[in-house]
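# Examination of the molecular architecture
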Amino acid sequence: ASRVPYVFTPMYEGGEAGAGVYLVGDTPDHQMQPMIGWMASSLGSRKWFLIGNAYNYPYLSNQNAKYYIDKNRGTVVGETYVPFSENDMTAYIAEIARSDADTVLVNLVGASAVLFHRAFAAADLDTRLLRFCCLLEENTLLALGPESTVGMYTCTGYFEGLKTPDAVSFEARYRENFGLTAPGLNHFAVSCYEAVYMLEGV
């Protein structure tokens, strides 16, 4: 209740303005909005299917996504949410296959994301549908393998392969401190790092 700073580091759905609450992650207006616009203008994405895990971020972020899709003359042709306990993606893949979608907006995390993308590729949906994955990062990508990533796009504030001077310097210092076998950097790791330095100024 504002007595100590509360810092939330990953992507979030936006709209939070509580006293003492600090958020450093991407919001839909900075992540979804430009990506949906780019996919509409550059790749012809018009008919979208929305899938996410059953929790606040996908529910609320997809409300924003619907607005951005409509703004880019697109339509949402399907929407579904997956419980974290679900290990079988068959019904969800079939629902997408039956839809008239040309693009799938994916807000799945962890094991759900891995299972979904593997099933998506196994069903050959990657040969005819594009995917925009809001929560995709290097660890999930590693678990998928290259055979599950055809037609997959993502957008976030940091990737391990980013080669700007600041990013190269950051990774060099990270490896110097923690070694070459330390976990790979990703958006979530960098946002935690940013949060520590932000707290220093609070």
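Above this text is the structure in question.
Keep in mind it's a predicted model, so treat the numbers as computed, not measured.

All right, on to the overall build of the chain then. Along its length, the chain carries seven helices and seven strands. For the chain, the sequential pattern of α-helices and β-strands runs β-β-α-β-α-β-α-β-α-β-α-β-α-α. Against the compact-globule benchmark of 17 Å for 202 residues, the chain has a radius of gyration of 18 Å, which places it among compact chains. Seen through its principal axes, the chain has C-alpha atoms that stretch 50 × 40 × 35 Å. Taking all 202 residues of the chain together, the buried fraction comes to 41%. Within the chain, residue pairs in contact and separated by at least 24 positions form 66% of the contacts whose partners lie at least 6 positions apart. Separation between the mean location of the 13 positive side-chain charges and that of the 22 negative ones in the chain comes to 5 Å.

What follows deals with the sheet that holds strand β3 (residues 47–53). Strand order in the open sheet formed by five strands is β4-β3-β5-β6-β7, with parallel pairing between adjacent strands. Taken across any chain shown, the strands that pair with only one partner, and hence form the sheet edges, are β4 (75–82) and β7 (152–153). Pairing geometry for strand β6 (residues 130–133) and β7, over two bridges, is parallel. Within the sheet, the bridge partner assigned to F132 lies in β7 and is Y153. In the packing of helix α1 (residues 32–43) onto the sheet, contacts are made with β3, β5 (103–107), β6 and β7, and the angle to β6 comes to roughly 165°.

What follows covers the packing of aromatic side chains. Overall, the coordinates contain nine aromatic pairs when judged by the stated rule. Between Y158 and F170, the aromatic rings sit 6.5 Å apart at their centres with planes inclined by 80°, giving edge-to-face as the arrangement. Placement of the pair is Y158 in the loop between β7 and α6 (165–178) and F170 in helix α6, with a sequence separation of twelve residues. The class for Y158 is buried, based on a relative accessible area of 8%. In textbook terms, an aromatic cluster arises when at least three aromatic residues are bridged by ring pairs, as seen for Y158, F170, Y193 and Y197.

With that out of the way, let us pick up α6. The terminal C-alpha atoms of α6, which comprises 14 residues, lie 20 Å apart, in line with the 20 Å expected from a rise of 1.5 Å per residue. Burial in α6 covers these residues: A167, F170, E171, Y174 and R175. All buried residues of α6 fall inside an arc of 130° around its axis, so they share one side. The exposed residues of α6 that point more than 90 degrees off its buried face are P165, D166, E176 and N177. Buried residues along α6 sit against α7 (187–200). Of the residues trailing α6, G179 is marked for its positive phi of about 90°.

Let us now look at the packing of α1 against helix α2 (residues 56–71). The contact between α1 and α2 brings their axes to 9 Å, and the two run at 35°. Considering how the two elements wind past one another, α1 and α2 form a crossing that is right-handed. For the pair α1 and α2, the contacting residues are M32, Q33 and I36 in the first and S61, N62, A65, Y68, I69 and K71 in the second.

Rules used throughout
Residues numbered from 1 in each chain as written. Predicted model: local features only at pLDDT ≥ 70, side-chain atom pairs only at ≥ 80, totals over all residues. Heavy atoms only, no water. Helix = DSSP H or I, 4+ residues; strand = E, 2+ residues; numbered from the N terminus. Rg over C-alpha atoms; globule rule 2.2 N^0.38 Å. Buried < 20%, exposed > 50% of the residue type's maximum accessible area, 1.4 Å probe, protein only. Contact = heavy atoms within 4.5 Å. Lys, Arg positive; Asp, Glu negative; His and termini not counted. Charge placed at Lys NZ, Arg CZ, Asp CG, Glu CD. Pairing = 2+ DSSP bridges. Axes fitted to C-alpha atoms, helices over the stretch in contact; angles between N-to-C directions. Phe/Tyr/Trp six-rings, centres within 6.5 Å; stacked < 30°, edge-to-face > 60°. Expected span 1.5 Å × (residues − 1). Arc of directions from axis to C-beta. Left-handed = near helix turned anticlockwise from the far one by under 90°.

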